[in-house]
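The primary structure of each chain is shown beneath.
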Amino acid sequence: MSVEGRDSVPDDGGLGVDTKVTRAGRNPAAQSGAVNAPVYRASTIIFDRVDDLERAKAARFTDGTVFYGRMGTPDVFAFASAIAELEGGDAAIAVPSGLAACMLPLVAFLKTGDHVLVTDSVYEPVRTNLSDYLAGLGIETTYYDPTIGAGIETLIRDNTRLVYTESPGSLTFDVQDIPAIAAAAHRRGALVVADNTWASPVFHNPLALGADIVVHAGTKYLVGHSDAMLGVVVCRAEHSDRLRRAANWLGYRAPPDDVYLAARGLRTLAVRMRRHYESGLAIARWLAARPEVRRVLHPGLADHPGHALWQRDFSGASGLFSIVLETHTKEKAIAFVEALRLFGLGFSWGGYESLALISDPHHARTATAWNEEGIVVRLHVGLEDPDDLVRDLEAALGLLGDGR
Ligand SMILES: *Cc1c(COP(=O)(O)O)cnc(C)c1O
């Protein structure tokens with residue numbers, strides 16, 4: 001069918017990411033020319049002959065083998081391969097949530113007696129898993145200052161198996177020096193995991209900087225419409241078998257309808273990310289000049305401590321950043337966020353809508369202290385008209401006055 005030839009544009013590395021997101025993982029010729037991969041709702045896969053069944057069973061942890069619903073169907077494999085391509089990885093595994101993606105490499109590679117280094121800015125539920133479950137299995141965690149860079153060398157022990165990074169952290173936005181951390185980790189035989197949810201594959205590719213495994217909360221920007229939950233783990237070929245087996249034996253299975261929504265969201269990811277970037281940075285700059293705002297934690301601002309690293313390693317920023325208000329009166333901060341009309345109050349982010357959340361970095365840290373006075377409000381700048389968002393923020397900030 002001619003569709004096949006026309007869809008398989010050779011990519012010699014020259015295609016831009018905006019083009020890649022529209023083409024990765026597609027195969028219209030295999031589906032009567034329909035543009036998007038159909039949803040497979042399958043548990044049982046039936047075979048003609050016992051021999052076929054046994055061959056599929058033997059190959060069931062190989063990408064693309066359809067053997068049983070839990071291990072994936074063509075739609076799920078197509079989506080995962082698209083993310084692998086965008087991240088510059090060899091393989092990717094779709095899992096049921098972002099948190100499932102964060103945990104998969106930890107469970108797959110750590111065993112009793114191992115030590116793991118985790119950024120103090122890590123997505124908080126990962127911390128809960130480490131203390132409430134993995135510690136009980138004899139896996140020891142040390143949290144490190146996210147700005148440690150090459151200094152991580154001094155924390156690496158003979159039994160350190162993994163270094164877990166998240167850059168920037170999704171509350172305080174400290175940028176990590178992934179190349180320096182990866183070089184130190186690799187010298188001592190440790191693997192590096194990077195949570196790349198914030199930047200998405202459009203603006204940052206940690207594998208190219210030395211990370212071994214990238215995890216994504218697809219729930220956020222990949223889905224992009226706040227209506228599905230999904231995770232993706234991307235890796236080099238040598239780690240895919242172990243990760244794939246662990247995902248299966250843990251019982252992880254990415255729901256195909258949610259995979260469909262993520263695959264659909266992916267086609268507009270680049271254009272959405274650019275809008276989040278532009279509006280977010282413009283609003284961050286506007287907020288930085290306001291008397292009610294003490295500090296803006298956005299790595300795209302020149303006075304952010306991670307700005308130089310961000311410029312070196314990222315090609316853009318998402319719509320998520322925090323502000324530190326002048327006030328340390330919680331009631332005033334509540335009045336501010338509740339006065340916002342265009343910012344929803346709620347968890348998660350990455351959808352089209354702007355969000356605001358009062359957060360408390362004091363509670364989320366153990367290796368480093370959070371000494372900032374003033375209440376932290378995390379903002380997600382969505383796809384609305386940025387002038388409307390500024391007017392909304394201006395009116396709500398007006399309630400704060402300039403006192404504390
Ligand atoms: C939201 C989030 C996760 C978890 O994703 P879920 O799909 O909600 O489980 C992991 N890492 C980061 C950085 C996140 O923001």
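Scoring rules and cut-offs
- Residues numbered from 1 in each chain as written.
- Predicted model: local features only at pLDDT ≥ 70, side-chain atom pairs only at ≥ 80, totals over all residues.
- Heavy atoms only, no water.
- Pairing = 2+ DSSP bridges.
- Helix = DSSP H or I, 4+ residues; strand = E, 2+ residues; numbered from the N terminus.
- Right-handed = clockwise from strand over helix to strand, strands pointing away.
- Contact = heavy atoms within 4.5 Å.
- Expected span 1.5 Å × (residues − 1).
- Buried < 20%, exposed > 50% of the residue type's maximum accessible area, 1.4 Å probe, protein only.
- Axes fitted to C-alpha atoms, helices over the stretch in contact; angles between N-to-C directions.
- Parallel < 35°, antiparallel > 145°, perpendicular 65-115°, else oblique.
- Left-handed = near helix turned anticlockwise from the far one by under 90°.
- Nonpolar A, V, L, I, M, F, W, Y, C, P; charged D, E, K, R; others polar.
- Core = buried A, V, L, I, M, F, W, Y, C linked by side-chain atoms within 4.5 Å.
- Near = heavy atom within 4 Å.
- Polar contact = N/O pair within 3.5 Å; in protein donor to acceptor, adjacent residues only side chain to side chain.
- Areas by Shrake-Rupley, 256 points an atom, 1.4 Å probe, with all protein chains shown as cover.

A. Just the pairing of strand 3 (residues 140-144), in detail. Across 5 bridges, strand 2 (residues 115-119) lies against strand 3 in parallel orientation. If you follow Val116 over to strand 3, its bridge partner there is Thr141. Taken together, strand 2, helix 6 (residues 124-134) and strand 3 constitute a β-α-β crossover, and its handedness is right-handed.

B. Spotlight on the environment of Met71. Take Met71: it is sitting in the loop between helix 3 (50-58) and helix 4 (74-87). Between the alpha carbons of Met71 and Arg244 there is a distance of 8.4 Å; along the sequence they are 173 residues apart. Not counting residues within four places of it along the chain, the set of residues in contact with Met71 comprises Arg60, Phe77 and Asn248.

C. Inspection of helix 4 at higher detail. With 14 residues, helix 4 ought to run about 20 Å at 1.5 Å a step, and its terminal C-alpha atoms sit 20 Å apart, in line with that. Burial within helix 4 is extensive, with 11 of its 14 residues counted as buried. Of all the positions in helix 4, only Asp75, Val76, Phe77, Ala78, Phe79, Ala80, Ala82, Ile83, Ala84, Leu86 and Glu87 are classed as buried. Gly88 sits one or two residues past helix 4 and shows a positive phi near 75°.

D. Molecular detail of the sheet that holds strand 2. Pairing is mixed across the open sheet formed by 7 strands, whose spatial order is 1-7-6-5-4-2-3. Looking at the sheet topology across the chains shown, the edges are occupied by strand 1 (91-95) and strand 3. Pairwise comparison of adjacent strand axes, ignoring direction, gives a mean angle of 20° for this sheet. Note: strand 4 (residues 160-166) against strand 5 (residues 191-195), 5 bridges, orientation parallel. Residue Glu166 lies in a different strand from strand 5, and its bridge partner there is Asp195. In the packing of helix 6 onto the sheet, contacts are made with strand 2, strand 3 and strand 4, and the angle to strand 3 comes to roughly 145°. Contacts from helix 7 (residues 178-187) reach strand 3, strand 4 and strand 5 within the one sheet, and its direction differs from that of strand 4 by about 175°.

E. Region of the structure containing the packing of helix 5 (residues 98-109) against helix 6. The contact between helix 5 and helix 6 brings their axes to 10 Å, and the two run at 45°. One way to sum up the angle between helix 5 and helix 6 is to call them oblique. Viewed along their axes, helix 5 and helix 6 form a crossing whose handedness is right-handed. Residue-level contacts link Leu99, Cys102, Met103 and Leu106 of helix 5 to Pro125, Val126, Asn129, Leu130 and Leu134 of helix 6. Among the residues making up the contact of helix 5 with helix 6, the classes are represented as 8 nonpolar, 1 polar and no charged.

F. Focus on the nonpolar core. Judged by nonpolar contacts, the single largest core of 43 residues is most densely connected at Phe79, Trp198, Val234 and Leu266. Of all elements in the fold, only helix 4, strand 1, helix 8 (200-203), strand 7 (231-235), helix 10 (256-266), helix 11 (269-288) and strand 9 (320-325) reach the threshold of two or more residues within this core. For this core, the element with the highest residue contribution is helix 4, accounting for 7 residues. With residues up to four places along the chain from it excluded, the contact list for Trp198 reads Pro168, Phe173, Tyr221, Met273, Pro299, Trp310, Phe314, Gly316, Ala317, Ser318, Leu320 and Trp349.

G. Spatial organisation of the site of the ligand. Among the 13 residues in the neighbourhood of the ligand, the closest are listed as Gly98, Leu99, Asp195, Thr219 and Lys220. Gly98 has a polar backbone atom sitting 2.8 Å from an oxygen atom of the ligand. One of the side-chain nitrogen or oxygen atoms of Asp195 is found 2.7 Å away from a nitrogen atom of the ligand. Coverage of the ligand by the protein chains reaches 92% of its 380 Å² of free accessible surface. Among the elements that line the shell around the ligand, the one with the most residues is helix 5, at 3 residues. Of the residues assigned to the shell around the ligand, the class counts are 6 nonpolar, 4 polar and 3 charged.

H. Representation of the environment of Phe347 within the structure. Relative to the helices and strands, Phe347 resides in the loop between strand 10 (343-345) and strand 11 (354-359). As a C-alpha pair, Phe347 and Gly398 span 51 residues in sequence and 25 Å in three-dimensional space. Dropping the residues within four chain positions of it, Phe347 is found in contact with Leu355 and Leu357.

Worth remembering: the numbers are spatial, not functional.
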